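# Fold and geometry: a report
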Amino acid sequence: MRELIRRLGGVTPATVRILVLVALSIALMLIDHRTQQLEKFRNIVQTVVYPIMYISTMPREMVRGFTESIETSSNLQTVNESLRQENLLLHSRLEKLHSLEADNLRLKHLLGQSEQIAEQVLLAELVEVSLEPYTQQISLNKGSRDDVYVGQPVINGDGVVGQVVHTSQFQSTVTLLTDPGSAIPVMVMRNGLRGVLFGTGVRNKLAMPYMTADADIRIGDLLISSGMGGRFPTGYPVATVTEIRQDPSDEFLTINTLPVTQLDHGREVLLIWPETIKDQNNPLQQEFIDE
Amino acid sequence: MNNLPVMVSFLLALLLTSLPIPETAVMFRPEWLVLVLIYWCMATPERIGIFTGWLMGLLLDVMYGSMLGQNAMSLSVIAYLVGILHLRVRMFPLWQQSVMVFVLVLVHLGINAWIRGITGQFTIVWTYWTPALTSALVWPFLFILLRDLGRQRIKR
């Protein structure tokens, strides 16, 4: 013990080194936590560890390839049949959607609204690597090479999944809605009441704080993204309300919601690029472009 | 290439760390990188030390997508502690070394939990700490394996 204290007290080269490195680490963490300036450095290091991550996905891929190849033909036939039916159903709905979209566009023109939100999507697959334990993050096989950017919204067939937090050449990391650091502006679909959903760190639970007791919100209400803040596009389903509690000591309601997507299931997600199609006929916008 | 066993073992440790495993198994996964770092800091303190720990931590940060510097800090601290203790610990029987590994991995997990707590993104569950136990259990086997690897090189 005495020796330990002497060693800790006496300045050895090792002590100097550890102090310098700890200081450096803290500086790195501060910069990384507060700003985006280290993304470039992260990308460079990522290309070094990418081969390691790639190799580590191989066993799982091989097992999956094997199980897929021994799938029986009858099994495949039933799957094929059900997919065909589903496809037919979706097609018929899509037909309706097209006419609705045209209607919508016409009405918007009548109202003088010049912008229309169009979206470009890209299918990305989950990369099965272990990320930091006990974080709500996933890794995707599309990166900055495919124009994936930090802050990009990620959805799947059911609704919003999360947003991109890091990108590298070939991969990107997505923070799920349930991550404690995540928040998404939403509104109640029934009446347009706005709020913000926060991740709780607990799987399948999002909190909706700061709603006053007189707020018109009920159990079972569907919450859709409101598009406020400009990060997530408008109108995607996010969660349904499962619990509303009024704590007498609290002036706000305690509202818990269930994400509509099973965040830890499925292998494919969609990356979306919200973009505005500029209306060339609008004189105001034309002016803006000319400048 | 005198450093070959060191590099290979660090590479394998990183591989094992990023290997996808079922959600329920995460709590049992030993901290491979910490174990390998402890071994080499003990066996060859003149070559492997604080700086190596820091670099490996940085790689782990990038791989995990965690804050840059988080694991770098904890691993360099681990390397520093082993640097202080290595002369004594080398004399310890294996099971006592395991106890020390248990404590060191706890320190590693503690520093990580602490940083993640400060940045406000972390709720601790008790399974977060179990890798310390599994790491301690794996230690004797890893120790023998790495030691034999080193010896074979000397014989040649």
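This text goes with the structure placed above it.
Residues numbered from 1 in each chain as written. Chains lettered and ligands numbered in written order. Predicted model: local features only at pLDDT ≥ 70, side-chain atom pairs only at ≥ 80, totals over all residues. Heavy atoms only, no water.

So, about the pattern of salt bridges. Residues and elements named next belong to chain A. This structure, assessed with the given rule, holds 11 salt bridges over all chains. Of the charged contacts, one joins D32 and R42 as a salt bridge, the two residues approaching to 2.8 Å between their closest N and O atoms. Of this pair, D32 sits in helix α2 (residues 13–34) while R42 sits in helix α3 (residues 39–69); the two residues are 10 residues apart in sequence, bridging distant segments of the chain. You'll find D32 and R42 in the same group, each marked buried. Residue E243 pairs with R245 through a salt bridge whose shortest N-O separation is 3.0 Å. In this structure E243 comes out as partly exposed when scored by relative accessible area, which is 30%. (Salt bridge = Lys/Arg side-chain N within 4 Å of Asp/Glu carboxyl O. Helix = DSSP H or I, 4+ residues; strand = E, 2+ residues; numbered from the N terminus. Buried < 20%, exposed > 50% of the residue type's maximum accessible area, 1.4 Å probe, protein only.)

Turning our eyes to something else, we now look at the side chain of D179 of chain A. Within the secondary structure, D179 of chain A sits in the loop between β5 (172–176) and β6 (183–188). Buried within the structure, D179 of chain A lacks any salt-bridge partner; R116 of chain B is the closest side chain of opposite charge, at an N-O distance of 7.1 Å. Polar contacts involving the side chain of D179 of chain A include one to the main-chain amide nitrogen of Q136 of chain A, which spans 3.4 Å. Within the local environment of D179 of chain A, its side chain forms a polar contact with the backbone nitrogen of G181 of chain A, the two atoms lying 2.9 Å apart. (Lys, Arg positive; Asp, Glu negative; His and termini not counted. Polar contact = N/O pair within 3.5 Å; in protein donor to acceptor, adjacent residues only side chain to side chain.)

Quoted interface sizes are often the accessible area lost when the parts come together. The partner chain A presents 41 residues to the 44 residues of chain B that form the contact. A buried area of about 3900 Å², summed over both sides, lies between chain B and chain A, and 68% of it is on carbon and sulfur atoms. If you look at where chain B meets chain A, you find one salt bridge. Measuring nitrogen to oxygen at the nearest pair gives 3.4 Å for the salt bridge that ties E132 of chain A to R116 of chain B. Contributions of two or more residues to the side of chain B that touches chain A are made by α1 (4–18), α3 (50–64), α4 (70–89) and α5 (94–118) of chain B. When residues in the side of chain B that touches chain A are grouped by element, the largest group, nine residues, is from α3 of chain B. For the side of chain B that touches chain A, the residue count by class is 28 nonpolar, 11 polar and five charged. (Contact = heavy atoms within 4.5 Å. Buried area = accessible area lost by both parts, 1.4 Å probe. Nonpolar A, V, L, I, M, F, W, Y, C, P; charged D, E, K, R; others polar.)

With that out of the way, let us pick up the sheet that holds strand β11 (residues 253–259) of chain A. In a beta sheet, neighbouring strands are held together by backbone hydrogen bonds and run either parallel or antiparallel to one another. Residues and elements named next belong to chain A. In spatial order, the strands read β6-β7-β8-β11-β10-β9; together these six strands close into a barrel with antiparallel pairing. As defined by bridge partners, strand β9 (residues 222–225) adjoins strand β10 (residues 237–246) across three bridges and the pair is classed as antiparallel. Paired with I224 across the bridge in β10 is P237. (Pairing = 2+ DSSP bridges.)

Nonpolar side chains collect at one region of the surface, where Y54, I55, M58 and M62 of chain A lie side by side and expose about 420 Å² of accessible area between them. Residue position: I55 of chain A is located in helix α3. (Patch = residues over 30% accessible without salt bridge, like charges linked within 9 Å, V, L, I, M, F, W, Y side chains within 5 Å. Areas by Shrake-Rupley, 256 points an atom, 1.4 Å probe, with all protein chains shown as cover.)

We now examine the environment of V154 of chain A. All names here are of chain A. Looking at the secondary structure, you find V154 in strand β3 (residues 153–155). When its relative accessible area of 0% is taken as the criterion, V154 is described as buried. Separated by 118 residues in sequence, V154 and I272 have C-alpha atoms that sit 6.3 Å apart. Discounting chain neighbours no more than four positions away, the residues touching V154 are V160, V161, G162, Q163, V164, V174, V269, L270 and L271.

Next up on the list: the nonpolar core. F10, L14, L33, I38, W40 and W139 of chain B are the most contacted members of the largest nonpolar core, which totals 66 residues. Elements that contribute at least two residues to this core include exactly α2 and α3 of chain A together with α1, α2 (32–43), α3, α4, α5 and α6 (130–155) of chain B. Looking at which element gives the most residues to this core, the answer is α2 of chain B, with 11 residues. Residue contacts for F10 of chain B: discarding those within four places in its chain leaves L33, V36, L37, W40, T52 and M56 of chain B. (Core = buried A, V, L, I, M, F, W, Y, C linked by side-chain atoms within 4.5 Å.)

Note that N71 of chain B resides in helix α4. Ignoring sequence-local partners within four residues, the contact set of N71 of chain B consists of G57, L60, D61, Y64, S66, H108 and N112 of chain B.

Under the defined criterion, the tally for this structure stands at nine aromatic pairs over all chains. Aromatic pair Y50 of chain A and Y54 of chain A: ring centres 6.2 Å apart, planes at 35°, arrangement tilted. Here Y50 of chain A pairs with Y54 of chain A, and both are found in helix α3, just four residues apart, close to one helical turn. A relative accessible area of 22% means that Y50 of chain A is categorised as partly exposed. Note on Y39 of chain B and W40 of chain B: the rings are 5.0 Å apart at their centroids and 85° apart in plane angle, and the pair reads as edge-to-face. Each of the two residues, Y39 of chain B as well as W40 of chain B, counts as buried. The structure contains a cluster of three or more aromatic residues connected by ring pairs, namely Y39, W40, W139 and F143 of chain B. (Phe/Tyr/Trp six-rings, centres within 6.5 Å; stacked < 30°, edge-to-face > 60°.)

Our next topic: α5 of chain B. Working note: α-helix, 3.6 residues per turn, so residues spaced by three or four point in the same direction. An ideal rise of 1.5 Å per residue puts 36 Å on 25 residues; α5 of chain B measures up with 36 Å between its terminal C-alpha atoms. Of the residues trailing α5 of chain B, G120 of chain B is marked for its positive phi of about 75°. (Expected span 1.5 Å × (residues − 1).)

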